[in-house]
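What follows is each chain in one-letter form.
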Amino acid sequence: MKGEPKELKITVNGKTYELKVKAKALLSDVLRKDLKLTGVKRGCLESTCGVCTVILDGKAVRSCSILALQANGHEVTTIEGLAQGDKLHPIQQAFIDHGAIECGFCIPGRVMMAKALLDENPNPTREEVRLAMQGVLCADAGYVKQIEAVEIAAEKMRGGE
Amino acid sequence: MKDFEYVAPVMAEEALSLLSQYKEEAKIIAGGQSMLVVMRQGLLAPEVVVDVKGITALDYMTYDEREGLKIGALTTHRAIETSPLIQKQFRVLSEMERNLATIQTRNWGTIGGNLCHGDPAGDPAPVLIVLGAMLKLRKLTGERIVAMEDFSRDILEVDLEPSEMLIEIQVPPPRPHTGTAHEKLMVMQGDAGIVGAAVSITLKPGNGICEDARIVLSNAASIPLRAKEAERCLAGRAIDGDLLTEAGEVASKEASPPSDVHASEEYRREMIKVFVKRVANKALERAKLEVR
Amino acid sequence: MAEKKQKVKKQKTKKPDIAKPTVILKEEELSVIGKPIPRVDARLKVTGEAKYAADMEAADMLWGAIKRSPHPHARILHIDTSKAERLPGVKAVVTGKDFGGFKWGWSRETRDEEPLATAKVRYLYEGVAAVAAIDEDIAEEACDLIEVEYEPLPGVFDPFEAMKEGAPLVHEDRKGNICVEYHWNFGDVEKAFAESYLVREDTFQTPRMAKGYIEPPAVLAYWPDSTHLTVIPAKGSPYFPYRILSNCFNLPLSNVRIIQPFVGADFGGTKNDMVSCDFSAPMLAKKSGKPVKIVYTQFEELTTCLRRHPMWVTMKTGVTKDGRLKAIQNKVISDGGAYTRMSPLSNFLTGICMALPYKLPNFKTEMHCYFTNNPSSAAMRGHGIYHTRFAGDVQMDMIAEELGIDPVEMRLRNAIENPKPGKIYETINKLHLATCGVEECVEKVAEAIRWEEKKKDERVRGSRAYGIGFACGTYLSGTKLSGHNACAAMVRICEDGSVNYITGASDVGQGSDTVMCAMVAEVLGIGLEDIDIKRVDTAHTPVDPGSYGSRVTVLAGEAAINAAKDAKRALLEVAAKEFGVKPEEMDIKNKRAFVKANPEMSIPWARLVRMACYTTPGMVIIGRGQSSRGISTYGLADFTTGIGDIGTNYSFTAQAQEVEVDLETGVVKCTDNSVIAHDCGFPLNPPAVDTQVVGGAYHPGVGAALYCEFKMDKGLTLNPNLVDYKLPRAYEAPMTQVIHVITNDPFGPFGAKEASEGSTCTAPPAVINAIHDAAGVWIKDLPAKPEKVFWALKEKREKGKK
């Protein structure tokens with residue numbers, strides 16, 4: 001039946017949920033509205049800005065460009081799932097310490113993009129960091145501190161200081 | 001976006017059965033990176049959406065020296081980009097993928113979805129055409145093989161029947177003394193190219209004469225444009241800078257590029273000249289070095 | 001159009017009171033200010049906990065949507081909402097008529113806009129009705145069911161159409177489609193041109209731009225009871241909706257409660273002004289009796305919200321033989337769009353700072369802003385000044401080339417020198433500078449980019465050319481417009497020693513919350529971690545005009561300092577009694593109050609606070625402070641004549657930017673050779689200044705120079721998404737180096753002036769000058785898209801052949 005809610009089983013930030021969602025529901029809608037994960041931002045809903053970026057099965061994706069049902073049986077990590085209690089993830093800490101946060105609207109998506117990058121490639125070149133950041137728009141910070149913060153976090157995560 | 005019925009088959013046969021059942025009412029969604037935007041804009045409103053993303057059996061890349069490369073239609077762009085196999089045997093595919101949209105799009109979007117979307121500004125089609133790729137299309141009652149070159153009919157229209165699905169992309173093994181390259185004109189990294197060119201040059205061993213040239217342009221017509229006149233300029237000749245310039249000018253005349261917010265038709269014609277020359281030159285260098 | 005001109009009372013320009021500077025401590029005595037200060041809201045943002053307007057929810061909440069006109073110019077004949085009202089799930093429908101003829105505008109004289117159009121629509125997609133329903137889909141569907149009969153009217157779509165004799169009028173009562181015009185005249189430009197060694201005239205064009213923030217406008221509104229309204233909007237100046245909604249709904253100000261969430265950037269216009277959703281949500285909430293939330297789509301943002309004016313600047317400049325400016329004469333034409341909004345201010349700003357940062361003895365300008373059937377234009381970072389600064393600094397290079405003068409030398413010859421301490425520099429139109437670091441800025445960027453060495457380099461390398469361009473900029477800081485711009489703060493000291501900083505000022509990402517808290521901590525002698533900021537809630541916080549006009553640090557900062565001093569005074573009175581001294585003989589540092597002459601006589605902060613709180617039953621330590629500099633220090637600027645200070649002080653910037661030009665395609669890229677020197681008086685939070693300066697140069701600056709423009713076709717936006725409208729991205733961003741030039745301005749808190757709107761003004765001319773240095777072509781109309789550069793290069797090659 002058109003419009004009839006369908007079952008969605010999805011693991012988000014380590015917790016498994018069983019939800020009923022409309023077929024046309026976007027993953028970002030379900031995360032924000034059903035699971036109240038408003039850290040997943042709503043920017044354009046048409047795959048141009050990237051602030052809705054989350055990690056799906058270890059890969060960065062734009063949650064506005066995926067039907068929620070496509071994530072059925074999959075694992076999603078959002079910004080809310082990054083910190084371990086009070087302890088921030090090194091990427092989060094690097095963004096704070098390096099002064100890379102302005103209005104903050106692009107930060108959740110950007111940090112998730114950075115995490116996906118560093119999980120896949122712990123020693124990225126500057127070019128690779130730029131390519132990763134290309135998919136998340138910022139309006140204010142000029143990208144410089146953000147690129148540097150990712151590099152700083154990468155070094156920290158590799159064991160450097 | 002309008003509501004629709006949704007089915008998520010896990011096997012290709014299931015999907016084909018559904019397509020055969022629903023025909024024009026159904027549309028396949030793979031990664032949805034092109035389709036969802038169009039659906040949100042109200043330009044596409046299928047009654048039934050057949051979600052094939054879960055058909056893991058169609059996500060593969062295999063290669064052998066005889067049969068060549070076989071890519072399952074549901075292989076993601078990112079998988080192709082980062083595959084050591086692709087980087088070794090068909091570097092041009094990996095290079096093309098690296099410039100396609102953003103990493104997030106490539107992580108979920110599939111090569112099959114891209115090809116079936118049929119955007120004349122798209123990057124994979126021109127590259128696959130110069131590589132001589134073939135497409136395996138299947139419906140319940142059988143299979144057919146279509147040359148990549150013949151797949152596009154018009155803007156956003158491909159040779160795919162409503163009950164058919166793209167299953168596999170087949171690329172013949174790289175020919176010896178052949179170099180292939182792809183570049184597009186971007187203002188920002190990841191842009192759809194204002195124009196783009198994929199070129200393959202095969203040289204005769206020994207004398208360095210061009211045995212075969214294939215030139216395919218994106219955003220130069222309503223479908224990926226094979227610039228046959230320009231190819232004829234090069235075939236059988238020793239390629240030098242002046243010849244490449246000539247080829248570029250010929251290709252520019254063959255094309256009928258669009259005018260849009262990004263560029264005028266005139267500028268696109270000028271850029272076709274530039275890119276045919278640049279990319280053909282790169283392909284030539286690679287042919288000389290036997291770079292795969 | 002005399003009656004329509006922005007009128008500001010003429011005030012005698014008083015001699016500035018420099019005997020009372022705001023700087024209170026020497027740099028080496030500072031504990032918090034002037035060092036890297038971690039942002040107080042960083043953690044909330046990086047964990048996703050920070051809530052923006054679209055993240056807000058209320059029980060029983062409805063979703064709203066706006067019904068929009070399919071015509072750019074049309075009379076509304078009839079609206080039938082009956083079908084929409086009958087759709088299950090719809091709880092309220094409103095049209096323009098529900099607002100009872102209410103009109104609003106940026107100022108009293110310019111109230112020409114309705115929350116939803118009633119008689120006429122003046123731009124494509126202007127709102128005509130709104131629906132609240134149980135979900136977004138039903139609200140949208142209901143909008144489709146609203147039937148509106150229009151009589152399409154012919155329209156005008158750029159100023160040149162609008163100014164023609166007999167052109168259709170956007171507003172029937174506004175002859176000639178003139179939104180605002182100014183005619184200013186200082187000195188004698190004709191005489192100066194006659195005496196000039198070289199005179200040149202060029203026309204420049206700046207593009208129609210989006211503000212560029214990613215967060216679309218959003219609002220949640222509800223009525224706790226029938227006479228009280230609460231609104232949670234994405235606004236950087238919450239006191240604007242506070243006043244406007246009070247007028248709109250006939251409520252006393254104290255019944256309008258605006259609670260500011262985190263805001264995803266502002267940049268002027270839309271988020272510090274009103275759009276349809278800001279009126280519709282409260283009206284729908286009133287009608288339905290339930291909270292209503294409206295979140296714009298990015299499409300709505302890009303097609304209906306406020307834009308940067310496109311401007312056509314014809315600049316005529318006369319110079320002496322050694323390149324010193326003698327006179328500038330401007331003719332500025334701008335497209336104001338459908339409604340007045342802030343156009344009077346935007347256009348005024350194109351002229352008011354023309355005599356900065358270079359010495360200018362004669363200046364004349366004629367500014368005309370026209371109504372068109374396009375979405376309205378309004379403020380945007382670099383407001384007004386960026387247009388003429390672009391023209392001025394590019395033309396300066398053109399002149400330098402003609403005279404054979406090095407561009408850096410050219411700027412040094414013309415730069416205003418930094419006034420000696422105690423002295424004031426006055427421009428021909430009576431702006432006053434106590435500090436001006438532009439010379440040092442130019443020297444430092446030239447040195448950092450190694451100009452002396454690089455200018456000898458071969459520009460062309462293969463199919464690419466490389467060049468370096470320079471530009472200087474200025475920006476007013478601490479906008480002085482009227483009494484509306486005064487602001488206040490409170491500092492409340494809790495009995496356990498923790499401190500609340502209570503403010504009406506807004507941080508939209510520029511870091512002002514952090515800097516305010518740091519100033520309070522500095523004055524009180526405690527740590528930043530002891531301060532908790534209580535953000536804007538108009539029910540409890542004092543009034544403040546919000547984030548625009550580069551005013552927060554300077555003016556709200558002054559208020560914060562005064563409030564902290566007031567609280568400190570109360571505490572020191574208690575401490576002084578304890579030690580038998582006078583309060584002036586004591587101070588507080590490192591969380592201890594001590595006698596200055598004998599520091600061992602001290603008492604820890606927490607103990608002092610407890611004592612102070614319990615001296616009298618019910619004693620509460622609240623310090624109050626306000627800013628007066630916004631209105632009193634010098635006379636207010638006069639819009640009609642262009643005389644007088646628009647700022648409390650002025651920042652200065654110089655930029656050196658290298659570009660790479662692909663000579664075959666015309667594609668221009670900024671390289672990492674990029675330096676900006678910024679005189680913001682004293683950087684209160686250096687890393688924040690860095691990011692703001694870099695971002696200010698890149699997004700609205702390089703964006704204008706290379707990437708951004710709305711393409712229009714008779715009122716229709718042809719590129720209404722963030723890929724076709726090319727918002728600047730990370731791959732192309734230059735790793736700009738920022739150099740701080742410190743001038744310690746006596747009129748800013750701790751010597752500070754604004755940071756970063758100056759770099760918005762330097763980036764476009766620096767890039768255009770760099771393109772010329774690289775490839776020998778001048779691109780005078782922005783953006784310098786590849787196609788434009790390509791044709792310019794082709795033309796140059798062909799001219800060269802002849």
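Residues numbered from 1 in each chain as written. Chains lettered and ligands numbered in written order. Predicted model: local features only at pLDDT ≥ 70, side-chain atom pairs only at ≥ 80, totals over all residues.

Peer 1: In this structure, what is going on with the overall build of chain A? I would like to understand it.
Peer 2: Helix and strand counts for chain A stand at five helices and five strands. Reading chain A from its N end, one meets helices and strands in the order β-β-α-β-β-β-α-α-α-α. For chain A, whose C-alpha radius of gyration is 16 Å, the value lies close to the compact-globule estimate of 15 Å for 161 residues. Projecting the C-alpha coordinates of chain A onto the three principal axes gives extents of approximately 55 × 30 × 25 Å. Within chain A, the fraction of its 161 residues that count as buried is 65%. The contacts in chain A between residues at least 6 apart in sequence include a share of 58% that link residues at least 24 apart. (Helix = DSSP H or I, 4+ residues; strand = E, 2+ residues; numbered from the N terminus. Rg over C-alpha atoms; globule rule 2.2 N^0.38 Å. Buried ≥ 20, exposed ≤ 12 C-beta atoms within 10 Å, placed from the backbone. Contact = placed C-beta atoms within 7 Å.)

Peer 1: Looking at this model, I keep getting lost on the interface of chain C and chain B. Mind explaining?
Peer 2: Often, the extent of an interface is quoted as the loss of accessible area on bringing the components together. Of the residues lining the interface, 15 residues belong to chain C; the matching set on chain B comes to 11 residues. Residue contributions to the side of chain C that touches chain B peak at three residues, all from helix 20 (residues 786-801) of chain C. Across the side of chain C that touches chain B, the residue classes tally to six nonpolar, two polar and seven charged. (Nonpolar A, V, L, I, M, F, W, Y, C, P; charged D, E, K, R; others polar.)

Peer 1: Sorry if this is basic, but what is going on with the nonpolar core here?
Peer 2: Taken as a class, soluble globular proteins show a tendency for nonpolar side chains to be buried jointly. All names here are of chain C. Counting residues in each nonpolar core, the largest one holds 424 residues, and the members touching the most others are V520 and I771. The element contributing the most residues to this core is helix 15 (residues 552-579), with 14 residues. Other than its neighbours up to four places away in sequence, I771 contacts G467, V659, V661, V668, V777, I779, A784 and V789. (Core = buried A, V, L, I, M, F, W, Y, C linked by C-beta atoms within 7 Å.)

Peer 1: Mind showing me how you'd approach the domain arrangement of chain A here?
Peer 2: Residues and elements named next belong to chain A. By domain assignment, chain A separates into domain 1 (6-81) and domain 2 (90-157). On a C-alpha basis, the centres of domain 1 and domain 2 stand 21 Å from each other. Taken together, the 14 residues of domain 1 in the interface contact 13 residues of domain 2. With three residues, the single largest contributor to the side of domain 1 that touches domain 2 is strand 3 (residues 53-56). Taken together, the residues of the side of domain 1 that touches domain 2 break down into eight nonpolar, four polar and two charged. (Domains from an automatic or database assignment.)

Peer 1: What is the right way to read unusual backbone geometry from this model?
Peer 2: What you tend to see is this: most non-glycine residues have negative phi, and most peptide bonds are trans. Here the bond from C:L356 into C:P357 is cis, since omega is -5°, no more than 30 degrees from zero. Cis peptide bonds are those with omega within 30 degrees of zero, and the linkage from C:L782 to C:P783 qualifies with -5°. For B:K23, which is not glycine, the phi dihedral falls at a positive 45°. Checked against the element boundaries, B:K23 lands in the loop between helix 1 (12-22) and strand 2 (26-29). For B:L156, which is not glycine, the phi torsion reads 60° and is therefore positive.

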